[in-house]
Amino acid sequence: MTPDTDTSLDDAQAPDPRPSTQPTPGESHAESADGREHVRFSTGPSPRPTAVKLGAAVVVGLLIEAILFANPELLGSPEATRIGIYIVSLVALLVVARLLLRVYLLTRYRYVVTDDAIRWEYTLLYRSRARELPLSELRGHETTRSRVQSLLGFGTVRFLTGGTNRSLGFLAFENVAKPERIRELVRRRTKRE
Amino acid sequence: MRRTLTQVYDAIFRPSRFVGANVNRMQGRAVQDVAAVSRLLVVFAGNLVIYAVPLTLAGFGTAPAAAAPRSLAAVSTPLGLSPTWTWDFLRRFVQNSLYITLAAALTFAAFHGSVQFTRSSTGVVPSLHTVVYSTSAYLAGVFSVVWLLSTSASIAVADALVLNAQKRFVYTIIDATGASLVLPSGRPTPVSLADATPADQAALATLAVILGYFVYSLYLGSRINHGASRLTATLTVLTVGLTPVVFVLGSIALSLGSLPIP
């Protein structure tokens, strides 16, 4: 999957070329007629914002280590500086491992908007999960952009039907391109409901 | 098993999810609160067993010799365990568990007291959640590394440095209060970091990183579970950081019957 190649957001959109939930052009309004699902929009999270953070973590880690290596007395003694280098290496390793895993996991997510629901799907090592919120139950949504997301043109859209941000009534489309348009699409679909 | 692995992953890579509690779910009725507290105590007890049993089996803890109660034989003998060994094990297990339990209780008091004081508390349960997860994982990790330092022959300098730092900390407070107390092991003697081997340096770095995790998890707990601002969360962490000072002051007061005011 290439998350950055999301499908059109228009209501009369072109179908998503990816598997499972995409309609064929002939099926675009088939739901009411034959009960089959009509996908209005489908995409995945972009790993780019996380990749940028990964790069930044590597650069900052290496920079601090270079400074410590170049100034062995910086922390009082060469031994103390060596301990500092170990600490920076450990922290950098943890951060890099975490971000690498996240980049991989992001490729396993898929976000779908159908005529009457929004869905989050996840598959990993033959395990799969999906969570769906009926548009008729939607109580609120918000769009946020971190600095990195703003720089790269991505954002996160959160949808809530009830409960809390850890309950089944919560969904987030993370690192998606043109988040406002997704939100607008959902808003339009919600009004129709 | 999968849940345990997820928790280990969260503890290492996603501390925010590890210490984060579902606050809305916890702000229920008293019955729900009691259920949540019970669940958290079970989590703490489980982590305590995971932490203290290996230490006890490794021979840590010094319980003075004492005869096992007769009733213990009825339980231990069918399991193939000698009553004397079982009694000794149980006593040392309790002793090894006491440190982390006491540390958790003090941390909880300081943490919750601080969020209450700053009017950002969302209840006892979110505080308990934060402290149970942060102490039973990260603080237990700190204690384990310190135990390791005290037993490994190849990391003697790190052990001496950690002991020295503890002694210096205690003596700073003793001297500040003007109390005429001496530690059984005496005043700290200088330890040269120049003698530290790479193993010593790596052990000290690991200790620092786990300690950093502990502090960060408390900060996150305050931010996520109580919705505290950055400043309030920082104040909460600083308050918890002062707990050892209160503990030493309390120990001095207990030793002298009163706290000398310089």
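Residues numbered from 1 in each chain as written. Chains lettered and ligands numbered in written order. Predicted model: local features only at pLDDT ≥ 70, side-chain atom pairs only at ≥ 80, totals over all residues. Heavy atoms only, no water.

**Brief notes about the overall build of chain B**
For chain B, the helix and strand inventory stands at eleven helices and zero strands. Listed N to C, the secondary structure of chain B is α-α-α-α-α-α-α-α-α-α-α in terms of helices and strands. Along the first, second and third principal axes, the C-alpha set of chain B runs to 55 × 50 × 45 Å. Taken across its 262 residues, chain B has 38% of its residues classed as buried. Here the contacts in chain B between residues at least 6 apart in sequence split such that 73% fall between residues at least 24 apart. Summing over all exposed atoms, chain B offers an accessible surface of approximately 14200 Å²; the carbon and sulfur share of this is 68%. (Helix = DSSP H or I, 4+ residues; strand = E, 2+ residues; numbered from the N terminus. Buried < 20%, exposed > 50% of the residue type's maximum accessible area, 1.4 Å probe, protein only. Contact = heavy atoms within 4.5 Å. Areas by Shrake-Rupley, 256 points an atom, 1.4 Å probe, with all protein chains shown as cover.)

**A short note on the interface of chain A and chain B**
Frequently, the measure chosen for interface size is the accessible area removed from exposure when the parts meet. Each side of the interface is counted separately: chain A has 18 residues, and chain B has 22 residues. Interface of chain A and chain B: buried area, both sides summed, is about 1700 Å²; carbon and sulfur atoms make up 67% of it. For the pair chain A and chain B, the interface holds zero salt bridges. There are one residue pair in polar contact (both at pLDDT 80 or more) connecting chain A and chain B. (Buried area = accessible area lost by both parts, 1.4 Å probe. Salt bridge = Lys/Arg side-chain N within 4 Å of Asp/Glu carboxyl O. Polar contact = N/O pair within 3.5 Å; in protein donor to acceptor, adjacent residues only side chain to side chain.)

**A short note on the confidence of the model for chain B**
Residue and element names in this part refer to chain B. In this model, chain B carries an average pLDDT of 85, and 92% of its residues clear a pLDDT of 70 or more. Here helix H3 (residues 23–26) stands out as the least confident element of chain B, with mean pLDDT 54; helix H10 (residues 230–241) is the most confident, with 94. Scored as a whole, the predicted complex attains pTM 0.77, and scored at its interfaces, ipTM 0.76. (pLDDT = per-residue confidence, 0-100.)

**Some thoughts on the UniProt feature "transmembrane region" (unreviewed entry) in chain A**
Sequence positions flagged by UniProt for "transmembrane region" (unreviewed entry) are, in local numbering, residues 50–71 and 83–101 of chain A. Annotated as residues 83–101 of chain A, this span is 100% helix and 0% strand, and its ends, taken at the C-alpha atoms, are 27 Å apart. (UniProt positions renumbered as here; feature names shortened; annotations may be inferred.)

**A word on the pairing of strand S4 (residues 127–134) of chain A**
For a regular strand, side chains alternate in direction, first toward one face of the sheet and then toward the other. Residues and elements named next belong to chain A. Sheet topology places strand S3 (residues 117–124) next to S4; eight bridges connect them, and they run antiparallel. Counted as the bridge partner of threonine 123 is serine 128 from S4. Linking S3 back to S4 in an antiparallel pair, the connection comprises two residues, with leucine 125 at a positive phi of about 50 degrees. (Pairing = 2+ DSSP bridges.)

**A look at the domain arrangement of chain A**
All names here are of chain A. Entries for chain A in the domain assignment read domain 1 (39–45 + 111–192) and domain 2 (50–104). Of note, the centres of domain 1 and domain 2, computed from C-alpha atoms alone, are 35 Å apart. Taken residue by residue, the interface counts five residues in domain 1 and four residues in domain 2. Counting each side, the surface lost to burial between domain 1 and domain 2 is near 370 Å², with a carbon and sulfur contribution of 59%. (Domains from an automatic or database assignment.)

**Describing the UniProt feature "transmembrane region" (unreviewed entry) in chain B**
All names here are of chain B. Following the UniProt record, the feature "transmembrane region" (unreviewed entry) maps to residues 98–117, 137–162, 202–221 and 233–256 here. Taken end to end, residues 98–117 is 100% helix and 0% strand, and its two terminal C-alpha atoms sit 28 Å from one another. Within the segment residues 137–162, helix and strand shares are 85% and 0% respectively, and the terminal C-alpha atoms sit 20 Å apart.

**Some points on the packing of helix H9 (residues 198–225) of chain B against H10 of chain B**
Residue and element names in this part refer to chain B. One can describe the packing of H9 onto H10 by two numbers: an axis separation of 9 Å at closest approach and a directional angle of 135 degrees. Classed by the angle they form, the pair H9 and H10 counts as oblique. Of the two possible hands of crossing, H9 and H10 adopt the one that is right-handed. Between H9 and H10, the residues in contact are Val215, Leu218, Tyr219, Ser222 and Arg223 and Arg230, Ala233, Thr234, Thr236, Val237 and Val240, respectively. (Axes fitted to C-alpha atoms, helices over the stretch in contact; angles between N-to-C directions. Parallel < 35°, antiparallel > 145°, perpendicular 65-115°, else oblique. Left-handed = near helix turned anticlockwise from the far one by under 90°.)

**Examining the side chain of threonine 156 of chain A**
Residues and elements named next belong to chain A. Tracing the backbone through its elements, the reader meets threonine 156 in strand S6 (residues 154–160). By relative accessible area, which is 4% here, threonine 156 ends up buried. At a separation of 3.0 Å, a polar atom in the side chain of threonine 156 contacts the side chain of glutamine 149. Discounting residues that sit within four places of it in the chain, threonine 156 has contacts with Glu142, Thr143, Thr144, Gln149, Phe173, Glu174, Asn175 and Pro179.

**What about unusual backbone geometry?**
Of note, the phi angle at tyrosine 126 of chain A is positive, near 65 degrees, even though the residue is not glycine. Looking at where tyrosine 126 of chain A falls in the secondary structure, it is placed in the loop between S3 and S4. Taking relative accessible area as the criterion, tyrosine 126 of chain A reaches 89% and is therefore assigned exposed. Its identity as a non-glycine residue notwithstanding, arginine 119 of chain B has a phi of 60 degrees, on the positive side. Locating arginine 119 of chain B in the fold gives a position in the loop between helix H6 (83–117) and helix H7 (124–151). Using a relative accessible area of 80% as the deciding quantity, one classes arginine 119 of chain B as exposed.

**Overview of the sheet that holds strand S1 (residues 39–43) of chain A**
All names here are of chain A. The sheet built from four strands is open, its strands ordered S1-S2-S3-S4 with antiparallel pairing. What marks the edges here is a single partner per strand, and that holds for S1 and S4. The sheet shows a mean angle of 15 degrees between the axes of neighbouring strands, direction not considered. Sheet analysis places strand S2 (residues 109–114) next to S3, joined by five bridges and oriented antiparallel. Residue pairing in the sheet places tyrosine 111 in a bridge with tryptophan 120 of S3.

**What about the confidence of the model for chain A?**
Counting all residues, the mean pLDDT for chain A is 78, and 76% of those residues have values of 70 or more. Per-residue pLDDT, averaged within each element of chain A, yields its smallest value for helix H1 (residues 31–34) of chain A (51) and its largest for helix H2 (residues 48–70) of chain A (94).

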